[in-house]
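# Analysis of the macromolecular model
Here is what each chain is made of, one letter per residue.
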Amino acid sequence: MRIDIITVVPDLLKSPFESSILKNSIEKGIVNIVIHNLRDYSTNKYKSVDDYQFGGGAGMVLMVEPIDKCISKLKSERNYDEIIYLSPDGEKLNQSTANKFSLLNNIILLCGHYKGIDQRVRDNIITKEVSIGDYVLSGGELAAAILCDSIIRLIPGVIGDETSALTDSFQDNLLSSPIYTRPRDYKGWKVPDVLISGNNNEIDKWRMEKAIEETKKKRPDLN
Ligand code: 6GU
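## Here's the deal with the site of the ligand
Residues in contact with the ligand, as listed here, are L86, S87, P88, V130, S131, I132, G133, Y135, L137, G139, G140 and A143. Within the contact set of the ligand, a nitrogen atom lies 2.5 Å away from a backbone nitrogen or oxygen of Y135. For the ligand, the protein covers 96% of the area, taking 290 Å² as the surface of the free molecule. Among the secondary structure elements, those contributing two or more residues to the shell around the ligand are strand 5 (82-92) and strand 8 (128-131). A per-element tally of the shell around the ligand places strand 5 first, with 3 residues. Of the residues belonging to the shell around the ligand, the class tally is 7 nonpolar, 5 polar and no charged.

Structure (structure tokens):
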């Protein structure tokens, strides 16, 4: 999978891809992340990419031309399945969307900044708008990193234990059951006996019951 990310703050997108699972997915050649600095597509000598709003109002707006130039160049090189604008008024990201995106080959992520982007980009270039929740971030970069993480970990070969991503919370609209590791007894805080019983049927049954119980208790909206 190839993910092109367009931003005015490329530095913000460095570290998420330099550690752990995302780093490994790139090193294994499963994912190719290409970050583009929108300023490189500026059409004026000041390298600016934003301007004041028509009609007045606070905040600068990313201009249509640099964005169009950058995306047109990318589209001339390969086909893209989706061109996604990260925005708090987009469709809220959930596990089902992440699953669908993880099946795509090439996507572009456009990060907004300042007040936002010229509406004509959204009307004519963008194919999907995604939000990561009902709160406002300073820009789309951190949201883009979160979207990438949620997608990439689902691609086969990225996570060592293939079943691991499939047993995550939310994969069947259930939260995970509680998990434990050594020691069995810490200060009298004990690991449930069933997990040490060696009886896999009982363990599976217990985990399912706990997952249902946790979901009802913490996220009754999920079912
Ligand atoms: Cl995708 N962008 C920004 N700027 N704020 C957000 C968001 C995205 N999702 C939630 N808040």
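## Section: unusual backbone geometry
Look at the link from R182 to P183: it is a cis peptide, with omega at 5 degrees. Tracing the backbone through its elements, the reader meets P183 in the loop between helix 5 (141-152) and strand 9 (185-186). We note that K187 has phi near 55 degrees; this positive angle belongs to a residue other than glycine. On the secondary structure map, K187 appears in the loop between strand 9 and strand 10 (189-190). By relative accessible area, K187 is classed as exposed at 63%.

## Regarding helix 2 (residues 64-77)
Side chains three or four residues apart in an α-helix point the same way, a direct result of the helix having 3.6 residues per turn. Look at helix 2: 20 Å from first C-alpha to last across 14 residues, which is about the 20 Å you get at 1.5 Å a residue. Restricting attention to buried positions, one finds in helix 2 the residues P66, I67, C70, I71 and L74. Within helix 2, the buried residues cover an arc of 115 degrees as seen down the axis, which keeps them to one side.

## Quick word on the sheet that holds strand 5
Read from one edge of the open sheet, 5 strands run 2-1-6-5-8, paired in parallel fashion. Each end of this open sheet is capped by a strand with a single partner; those strands are strand 2 (32-37) and strand 8. Recorded for the sheet is a direction-independent mean angle of 30 degrees between the axes of neighbouring strands. Taken together, the 5 bridges between strand 5 and strand 8 define a ladder with parallel strand orientation. Looking across to strand 8, one finds that Y85 is bridged to E129. Along the sheet face, helix 2 touches strand 1 (2-7), strand 2, strand 5 and strand 6 (106-111) and points at about 165 degrees away from the line of strand 1.

Calculation criteria
- Residues numbered from 1 in each chain as written.
- Predicted model: local features only at pLDDT ≥ 70, side-chain atom pairs only at ≥ 80, totals over all residues.
- Heavy atoms only, no water.
- Near = heavy atom within 4 Å.
- Polar contact = N/O pair within 3.5 Å; in protein donor to acceptor, adjacent residues only side chain to side chain.
- Areas by Shrake-Rupley, 256 points an atom, 1.4 Å probe, with all protein chains shown as cover.
- Helix = DSSP H or I, 4+ residues; strand = E, 2+ residues; numbered from the N terminus.
- Nonpolar A, V, L, I, M, F, W, Y, C, P; charged D, E, K, R; others polar.
- Buried < 20%, exposed > 50% of the residue type's maximum accessible area, 1.4 Å probe, protein only.
- Expected span 1.5 Å × (residues − 1).
- Arc of directions from axis to C-beta.
- Pairing = 2+ DSSP bridges.
- Axes fitted to C-alpha atoms, helices over the stretch in contact; angles between N-to-C directions.
- Contact = heavy atoms within 4.5 Å.

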